[in-house]
Amino acid sequence: MIVDLRSDTVTRPGKEMLEAMINARVGDDVLDEDETVHELERKLALMFNMEAGLFCPSGTMTNQIAIKCFTQPMDEVICDETAHVYRYEGGGIAFNSASSVRLLYGDRGRLTPELIEAEINPVDLHYPKSSLVVLENTVNRGGGSCYTLEQIEPIYHLCRLKNLKLHLDGARLFNALIKTGDKASGYGAMFDGISICLSKGLGAPVGSVLLASEETIAKAKRIRKVLGGGMRQAGFLAAAGIYALDNHVNRMQNDHDHAALLETSLNSLPFIKKVLPVETNIVIFELDDRYDASHFVEKLKDLGIKCNTFGKQKIRFVTHLDVSEDMVQYTLDQLKKLH
Ligand SMILES: *Cc1c(COP(=O)(O)O)cnc(C)c1O
C-alpha cells in the first residue's frame, strides 16, 4: 500500500470530476468568453459575499496579485513569520510589489489586533508605509490551526481604523469553515481580498480564485495578464473546481477525523516529543532529540508511507481526499511497530 501524506495537493481527479471537465462549455477566457470560468468565479463570490472573482493558475498568483493590488512600492506588508506569502512565494512581495515585510510572531501563525497594532508604522518619512495585513486561514506552518470569524472581526476593525487593507490567504479556508462552523458569507464583509485554492483539500487538479470588489478584480485581471496568467479555454479546469465545490466540501470532515486519529497515535509513541494540536487536516510533530526527521521520512517511505520533513526534527502529515480509512489504519499500524 502507498499512503501519500506529503500534501493535500497530490490528489488526482476522479472519474466524475474528469467527466465534468470533459463536458465543460468553454471559450477564450482572455477574451472573457468562457462561461464555465465565469460560473466558478460567480459561485465563489456569491458564497463568500464578495462582488467578483478571478480564476488563476495558482494560489501563489492569487496572493501575489492581491498584494500588488493593495500596496504601492515602498509600502510594508504585515504578516506572521510563518506566512506562505512570505516564506513560500519565492520573495514575490519584493519582486512583484517592491514592498517590505513586517513579520509578527503569532500563536501558531494566528495574529491578534494587539500584535498588529504595535507594528503599524507611524507616518514619518523614515518608515515604509504600513498598508496591508495578510492573514492565513488555516495556517499551514501552524499545523492547520484556524481563526474563527469572531477572532478576525477585531482585526478587521483595526485595519479599517488604521486605513490598512486586509487580505486572506485562504488556501485551506474550507477546512477552517468545516472546523469552526462559521458561514462562508461572513467573510466577505471582513476582507478586501480572499484567495481560495481549489487544488488543496478540495481536490481539483489546478487553480485558485481571488475574490474582491469589482474594482479590485478589474485591476487584478490586468496584473494576471502581465504575470502570464491569462488562460484560454480554462473552463475545463474551472469545471473541476465547480465539481469540487459541489461534492468535496462536506467530506473534508473525514480528513479532519483522520488527522485526529494520527495525532492520538503519534502522541502515544515514546520517540515523539510533541504533536502540534490538530485542528484540521495537518499534523506536525517533533521527534525526540535522538532522531533525525529525514531518516524517519526514509524509514516511513520504505513502508510505503510518504511524508515530508518540516524542519530538522519535524515532520508533517497532511490528510486528503485520496487518503482512505484503510490507509490511515495501515499508517497507524506501521507507526505502532516503529521504535
Ligand atoms: C498551497 C498554498 C498556497 C498556494 O500555493 P500554490 O502552490 O501556488 O497553489 C498559498 N497559501 C498557503 C497557505 C498554501 O498552503
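Residues numbered from 1 in each chain as written. Predicted model: local features only at pLDDT ≥ 70, side-chain atom pairs only at ≥ 80, totals over all residues. Heavy atoms only, no water.

> What am I meant to see in the overall build of the protein chain here?
A count of helical and extended segments in the protein chain gives 13 helices and 13 strands. In terms of overall dimensions, the protein chain is globule-like: its C-alpha atoms have a radius of gyration of 20 Å, near the 20 Å expected for 339 residues. C-alpha extents for the protein chain along the principal axes are approximately 55 × 55 × 35 Å. Counting all 339 residues of the protein chain, 56% fall into the buried class. The contacts of the protein chain with a sequence gap of at least 6 include a subset with a gap of at least 24, amounting to 75%. Within the structure as shown, the protein chain displays about 15100 Å² of accessible surface, and the carbon and sulfur contribution to it stands at 51%. With 38 positive and 46 negative side-chain charges, the protein chain shows a separation of 4 Å between the mean positions of the two kinds. (Helix = DSSP H or I, 4+ residues; strand = E, 2+ residues; numbered from the N terminus. Rg over C-alpha atoms; globule rule 2.2 N^0.38 Å. Buried < 20%, exposed > 50% of the residue type's maximum accessible area, 1.4 Å probe, protein only. Contact = heavy atoms within 4.5 Å. Areas by Shrake-Rupley, 256 points an atom, 1.4 Å probe, with all protein chains shown as cover. Lys, Arg positive; Asp, Glu negative; His and termini not counted. Charge placed at Lys NZ, Arg CZ, Asp CG, Glu CD.)

> Could you clarify how one ought to interpret the pairing of strand 9 (residues 272-275) in this entry?
Here is the key point about a regular strand: its side chains alternate between the two faces of the sheet. The sheet contact formed by strand 9 and strand 10 (residues 282-287) spans three bridges and is antiparallel. Bridging across to strand 10, K274 finds its partner in E286. Between the antiparallel neighbours strand 9 and strand 10 lie six residues. (Pairing = 2+ DSSP bridges.)

> Looking at this structure, I do not really get the pattern of salt bridges. What am I missing?
When their charged atoms lie close together, side chains carrying opposite charge are able to pair. Considering all chains together, one arrives at 20 salt bridges under this definition. Put simply, D289 and K273 hold a salt bridge, and the shortest N to O gap is 3.0 Å. You can see D289 sitting in the loop between strand 10 and helix 12 (293-302) and its partner K273 sitting in strand 9, a full 16 residues away along the chain. Here D289 falls in the exposed class, since its relative accessible area comes to 57%. A relative accessible area of 47% places K273 in the partly exposed class. (Salt bridge = Lys/Arg side-chain N within 4 Å of Asp/Glu carboxyl O.)

> Even after reading the chapter, I still don't get the side chain of S7, so can you show me in this structure?
Within the secondary structure layout, S7 lies in the loop between strand 1 (3-4) and helix 1 (15-22). S7 has contacts with R316, V318 and H320, leaving out every residue within four places of it along the chain.

> I tried to follow the domain arrangement of the protein chain on my own but got confused; where do I start?
A common way to state how big an interface is: give the accessible area lost once the parts meet. With domains assigned, the protein chain is organised as domain 1 (3-8 + 251-337) and domain 2 (15-247). Placing the centre of domain 1 and that of domain 2 at their C-alpha centroids yields a distance of 28 Å. In this complex, domain 1 contributes 15 residues to the contact, which on the side of domain 2 involves 22 residues. Of the roughly 1700 Å² buried at the junction of domain 1 and domain 2 (both faces included), carbon and sulfur atoms supply 52%. A salt bridge links R108 to E279; its shortest N-O distance comes to 3.1 Å. Scanning the region where domain 1 abuts domain 2 turns up eight residue pairs in polar contact (both at pLDDT 80 or more). Among the elements of the structure, helix 11 (252-267) and strand 10 are those that each provide at least two residues to the side of domain 1 that touches domain 2. If one sorts the elements of the side of domain 1 that touches domain 2 by residue count, helix 11 sits on top with three residues. Residues of the side of domain 1 that touches domain 2, tallied by class, amount to seven nonpolar, four polar and four charged. (Domains from an automatic or database assignment. Buried area = accessible area lost by both parts, 1.4 Å probe. Polar contact = N/O pair within 3.5 Å; in protein donor to acceptor, adjacent residues only side chain to side chain. Nonpolar A, V, L, I, M, F, W, Y, C, P; charged D, E, K, R; others polar.)

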